[in-house]
Amino acid sequence: MTAILKARNLTKIYSLGGLFSRTKITAVDRVSFSVQPAEIFTLAGESGCGKTTTARMILGFEYPTAGELLYENQNLVELRDKKAWFKKVQAVFQNPFETFNPLRKVEDYFFETIQNFRLDKSMKKAEELIEEKLQAVGLSLCDIAGKYPGELSGGQLQRASIARSLLTNPSLLIADEPVSMVDASLRMSVVNLFRKMSDSFRVSVIYITHDLATAYYISDRIAIMFRGNIVEIGPVDQVLENPKHPYTKLLIESIPQPDPQIPEKVPIKILEEKEEYLRKGCKFSGRCPEVQNICKQQIPEDISLNGTVVKCHLYQK
Amino acid sequence: MNGLIEVEQLQTFYVLEYLGKKKTIKAVNDVTLSIPENVIYGIAGESGCGKTTLLKALFASIEPPLQLFGGKVSYLIKNNFIDALSLNGKEKRELRWSYISYIPQGSMSVFNPVKKLKVTYLDFLESHVRGKAGRELLSLARQHLEQLGLSPKVLDAFPHQLSGGMRQRIAIALSTLLKPQVILADEPTTALDVVAQRAVLQLMRDIQQEIKNTIVLVTHDMGIHANITTCMAIMYAGKIVEVGPTQEIFSNPLHPYTKFLIHSLPRIGDKMPKKSVPGAPPSLLNPPSGCPFHPRCPEISDFCQDKVPDLNNSTQNHKVACWLRRESCDCNS
Amino acid sequence: MGVLKDLFKDYRFAVGFILICFLSFLAVASFFSPYDPIEWLQVPRDKAPSWSNILGTNSKGQDVFWEATFAIRNSLIIALIAGLISRVIAVLVGFIAGYKGSIYDRVLMGITDGLLVIPLFLILVLVAMLLREALTLVSTGLLLAFFGWAWDARTIRSQVLSLREREFTLTSVLSGNGTLSLVSKEYLPLTIPLIFSTLINNIAWAIGMEIVLAILGLVSLDIPTLGTTLQWAINYQAMLLGHWWWILTPVILTILLLVALYWFSISVSEYLDPRMRIQRIGAK
């Protein structure tokens, strides 16, 4: 199986600050990963770890400073025809209430997509196509016909957003925190949809989240990001059931388990984002419980350990 | 009546009038609740179920378009029950600042972006505490932050220099400086990632253990309730559908809605397919008749559509509002 | 029609609308005037209001009422030219700078800020002095339009900047919309209230500015406008001589016009306010 998307040493550098004191922050630092056809790949990490920047670069909303993004061996950085690219990659966003313009009807976006990408000429065919995708997410055209976003619930809007993104039959779907704003009682139904879509439409999903529990539930492979680096990547069962990197361990431990019996957790330390971005050596060394001297000097290398890749000095032979 | 805060049959509705059309949103509809002393009390429910409105009522802040339609909120202060909603403006202000601290949603954005944290903080404090100099207050705040394990240096920072999690923790820490007996926190961890969330929860637990006060924590995240609260109430469509000790609610949920909420939570190590509650949350403009959950309930019985179930004891502390959990004789009457 | 019905429930709109209708009616009436607006000595001079000249006559031998209808028409023409043209500039500059960003933003905002920092009134007076007799209706309108867009372009730009950050922008891009259709379909509906209220404010500003320029004698005084009418009245000592009808007519008409525009503007922008519109959509 060949990967549909490959990122090789993808890097994005922002420079911050005013006229006199400029600091350069490497928001995404030589990140490499690949996405297989019809798999769900999770990018997980806390806020400010570079996961959204990575997604925006894949969508073409930001240009990488260095590195390359290959879609079926074609470099996306050199791609100029954005519209052709949006036919193959689509996205679902975090806030369902913001996904559609409050003063426009939701259905308008569906018809526009069909028109702009010349998917179908006749009105009737277009309606059939829309109905097909809406049915797949458990809605129908009469549910959204003539309605404004304010008249639909968050769950419905997020389903509609998924249905719209599937209209062009994309091979890659980017879902940026798609359930964090959906009501708790409806959240799993939206999460389940991604699995269903990936199976029935053969679309790969890049699922971006900080919620490792849902990531574990739906994804095939996972990459844990920390301050611009992927610190651990591998099949989701291995990474989350048997975490290797201390940061992955910390993340898993921080999930509020739905079980009141679990004893209290040890206090944790949080450092400021900028401080950690500018750190020499391993960026996690500031709050790593298993820190060694070498961690503060040298950036660890990627180490393969039966199926997963870890960026940590602990596993250096 | 043995709680610190007693809510009795509270009804507060939003009355909106637009171009002659009147709309009533039944945000808190007949809620009775008793919140004990020295606990972290959780209120769970999804967005639009009225939990924020309930919190506003607890803060005695019922302002148009929100209107009181009946019921009472009373606080036990020095062995006297004080009806918070009938106080006048000055008394309310006194009650709030000596007794209650309210942490509204998104409180991490309360700081003035162009001023140092301490400036905003002093501005806000000096309007409430008289007779203390700014410097004294500031050193008090520094001490307080240090006690809670936060660096006092942050007071000299500008808001944009700190992360959301840090700002949220400072907002919470500073709002508890006057050692309030009651802290009302509305979704304090939404918009934060798991690590920052953990730090905020830790802080709240530390504060509670230090002051031995009552924290009312409103959030939709059942995982947080499981982690930090001792007792909790589940709210649905403006009504409380289940109350009880958190452990009991999680080990033996009685209301079908609570069951769904708990069983649909994903866990690491468990790949069983999870289902959400069918249907969509009801609109509070026209809540369903009878039990508000009946259109989505998989175990619906004859009564559910017509009659509203009351909160009934299942065990001593565990109460549920559901027709299915009644003794059969109850149903016939 | 439902829109008008809803709007008429607001008394400010009702009053503003009726006043504007009345003043426009006066402006239209000028086409049926029995007198030439520029010729002198067409009627007996300095007559108080009577049945034959309902607002009296002035020292130039003109009928005050019919002269006022021309004044309103011409003032409105100047203000509309100024308002509409400056709106086109403001919207274009605001949208391009806000949406395109980078170099477009820097160049356009540089020009805008340049216009904002120069003391506008002095420049207007200078330019008006230089052009003087060439300042007919259209050129006065254009002059005011040229100086009246900068602040509003900035306001529109800042609104577009915040809209650009909202997620529906990305949805629209992913739906295959190009820049032009994105801006017109997504942003315009949300900025219309702002554009509309700045339009009305700009019209009111242009009316006021024209009066100021006229009183300073910096525009062509032959053409009757609210400003020049006032200028002539002051010039002929109408106040001292007790010709109150001559001076009061333009003053009252100006006040009515400005009040009407103000009420009209705030009630309509309240109605068009996206938040209110969203509420109305929900109310159906």
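Note that the coordinates shown come from a computational prediction; the quantities given were computed from them, not determined experimentally.

Participant: It is not clear to me how the overall build of chain A should be interpreted in this structure. Could you clarify?
Facilitator: Helix and strand counts for chain A stand at 13 helices and 12 strands. Whereas a compact globule of 317 residues would reach a radius of gyration of roughly 20 Å, chain A reaches 21 Å, a difference of no more than 12%. Over its C-alpha atoms, taken along the principal directions, chain A stretches across nearly 70 × 50 × 45 Å. Burial statistics for chain A: of 317 residues in total, 50% are counted as buried. Within chain A, residue pairs in contact and separated by at least 24 positions form 65% of the contacts whose partners lie at least 6 positions apart.

Participant: When you look at the interface of chain C and chain A in this model, what are you seeing that I'm missing?
Facilitator: Listed as interface residues are 18 residues of chain C and, on the opposing side, 21 residues of chain A. When contributions to the side of chain C that touches chain A are tallied by element, the ones reaching two or more residues are α8 (167-174), α9 (179-215) and α12 (274-283) of chain C. Classifying every residue of the side of chain C that touches chain A by side-chain character gives 8 nonpolar, 5 polar and 5 charged.

Participant: Honestly, the interface of chain A and chain B in this entry has me stumped. Any pointers?
Facilitator: For an interface, size is often stated in terms of accessible area lost upon the parts coming together. Counting residues at the interface gives 37 residues for chain A, matched by 41 residues for chain B. Residue assignment for the side of chain A that touches chain B shows that the elements contributing at least two residues are α7 (154-166), α8 (187-201), α9 (212-218), α10 (236-241) and α11 (246-254) of chain A. Top contributing element to the side of chain A that touches chain B by residue count: α9(A), with 5 residues. Class assignment of the residues belonging to the side of chain A that touches chain B gives a composition of 18 nonpolar, 11 polar and 8 charged.

Participant: Would you mind going over the confidence of the model for chain B with me for this structure?
Facilitator: A low pLDDT means the predicted coordinates there should not be read in detail. Residues and elements named next belong to chain B. In this model, chain B carries an average pLDDT of 83, and 94% of its residues clear a pLDDT of 70 or more. Ignoring residues within four places in sequence, the model shows residues 328-333, a span with pLDDT below 50, making 3 contacts including any to other chains. This complex was scored by the predictor with a pTM of 0.83 and an ipTM of 0.84.

Participant: Help me understand the sheet that holds strand β8 (residues 214-218) of chain B in this model?
Facilitator: Two orientations exist for strands paired in a sheet by backbone hydrogen bonds: parallel and antiparallel. Residue and element names in this part refer to chain B. Taking strand neighbours across the sheet as the criterion, the 8 strands line up as β6-β7-β8-β3-β9-β10-β12-β11 in an open arrangement whose pairing is mixed. The outermost strands of the open sheet, each flanked by one partner alone, are β6 (100-103) and β11 (312-313). The sheet contact formed by strand β10 (residues 239-245) and strand β12 (residues 319-320) spans 2 bridges and is antiparallel. Bridging from a neighbouring strand, V243 pairs with K319 of β12. Taken strand by strand, helix α1 (residues 51-58) contacts β3 (40-44), β7 (182-186), β8 and β9 (231-236), and its axis lies near 155 degrees from that of β8.

Participant: What exactly am I supposed to notice about unusual backbone geometry here?
Facilitator: Most peptide bonds adopt trans geometry, and most residues besides glycine take a negative phi value. Positive phi, normally seen in glycine, also occurs at A:N9, with a value near 50 degrees. Relative to the helices and strands, A:N9 resides in strand β1 (residues 5-16). The exposure class assigned to A:N9 is partly exposed, which follows from the 13 C-beta atoms found within 10 Å. At B:K212, a position not held by glycine, the phi torsion is positive, near 60 degrees. With respect to the secondary-structure elements, B:K212 resides in the loop between α6 (194-211) and β8.

Participant: Teacher, can you tell me more about the packing of helix α3 (residues 64-100) of chain C against helix α7 (residues 150-164) of chain C here?
Facilitator: A pair of packed helices is characterised by two quantities: the angle between their axes and the separation of those axes. Residues and elements named next belong to chain C. For the pair α3 and α7, the least separation of the axes is 7 Å and the interaxial angle reads 35 degrees. Crossing geometry of α3 relative to α7 is assigned as right-handed. Here I89, A90, V91, V93, G94, F95, A97, G98 and Y99 of α3 come into contact with α7, specifically with D152, A153, I156, R157, V160, L161 and R164. Among the residues making up the contact of α3 with α7, the classes are represented as 11 nonpolar, 2 polar and 3 charged.

Participant: Any chance you could explain the pairing of strand β10 (residues 229-235) of chain A here in plain terms?
Facilitator: Regular strands have side chains that alternate between both faces of the sheet. All names here are of chain A. Within β10, 6 of the 7 residues are buried, leaving the element largely enclosed by the surrounding structure. In this sheet, β10 lies alongside strand β9 (residues 221-226) in antiparallel orientation, the contact comprising 6 bridges. Following the sheet pairing, M225 is matched in β10 by I230. Counting the residues in the hairpin turn of β9 and β10 gives 2 residues, including R227, whose phi is positive at 45 degrees. Of the pairings in the sheet, the one linking β10 to strand β12 (residues 308-311) comprises 2 bridges and is antiparallel in character. Across the sheet, I233 pairs through a bridge with V309, a residue of β12.

Participant: What is the right way to look at the nonpolar core in this model?
Facilitator: Most often, soluble globular proteins have nonpolar side chains that are buried together. Of all hydrophobic cores here, the largest spans 183 residues; its most connected members are A:I206, A:Y207, A:I224, B:L184 and B:V216. A total of 9 residues in this core trace back to one element, the largest contributor, which is α6(B). The next biggest cluster of nonpolar side chains, apart from the first, holds 43 residues, and it includes C:I203, C:I207, C:M209 and C:F264.

Participant: What is the right way to look at helix α2 (residues 11-29) of chain C in this model?
Facilitator: Note that an α-helix has 3.6 residues per turn; residues three or four places apart therefore point the same way. Residues and elements named next belong to chain C. Between its first and last C-alpha, α2 extends 27 Å over 19 residues, near the 27 Å set by a 1.5 Å rise per residue. For α2, the set of buried residues is F13, G16 and L23. For α2, the angular spread of the buried residues around the axis is 110 degrees, confining them to a single face. Set apart from the buried face of α2 by more than 90 degrees, the exposed residues are Y11, I18, C21, F22, F25 and V28.

Participant: So what exactly am I meant to see when it comes to the pairing of β7(B) here?
Facilitator: All names here are of chain B. In terms of burial, β7 is largely enclosed, as 5 of its 5 residues are buried. Residues V182, L184 and D186 line one face of β7 and the alternating positions I183 and A185 line the opposite face, and both faces are buried. Where β6 lies against β7, 4 bridges are found, and the strand directions are parallel. Counterpart to Y102 in the pairing with β7 is L184. The parallel pair β7 and β8 is bridged by α6, and the resulting crossover is right-handed.

Participant: Would you mind going over the environment of B:T219 with me for this structure?
Facilitator: Residue and element names in this part refer to chain B. Tracing the backbone shows T219 in the loop between β8 and α7 (222-228). Spatially, the C-alpha atom of T219 lies 11 Å from that of C49, the residues being 170 residues apart in sequence. The residues touching T219, leaving out its near neighbours within four places in the chain, are A44, E187, T189, I224 and H225.

Participant: What should I look at first to understand α8(A) in this one?
Facilitator: Residues and elements named next belong to chain A. Taking 1.5 Å of rise per residue, the 15 residues of α8 would be expected to cover 21 Å, and the 21 Å separating its terminal C-alpha atoms lies within 8% of that figure. Every buried residue of α8 is listed here: R187, M188, S189, V190, V191, L193, F194, M197 and S198. In the core, the buried residues of α8 are packed alongside β3 (40-44), α7, β7 (172-176), β8 (204-209) and α9.

What counts as what
- Residues numbered from 1 in each chain as written.
- Chains lettered and ligands numbered in written order.
- Predicted model: local features only at pLDDT ≥ 70, side-chain atom pairs only at ≥ 80, totals over all residues.
- Helix = DSSP H or I, 4+ residues; strand = E, 2+ residues; numbered from the N terminus.
- Rg over C-alpha atoms; globule rule 2.2 N^0.38 Å.
- Buried ≥ 20, exposed ≤ 12 C-beta atoms within 10 Å, placed from the backbone.
- Contact = placed C-beta atoms within 7 Å.
- Nonpolar A, V, L, I, M, F, W, Y, C, P; charged D, E, K, R; others polar.
- pLDDT = per-residue confidence, 0-100.
- Pairing = 2+ DSSP bridges.
- Axes fitted to C-alpha atoms, helices over the stretch in contact; angles between N-to-C directions.
- Left-handed = near helix turned anticlockwise from the far one by under 90°.
- Core = buried A, V, L, I, M, F, W, Y, C linked by C-beta atoms within 7 Å.
- Expected span 1.5 Å × (residues − 1).
- Arc of directions from axis to C-beta.
- Right-handed = clockwise from strand over helix to strand, strands pointing away.

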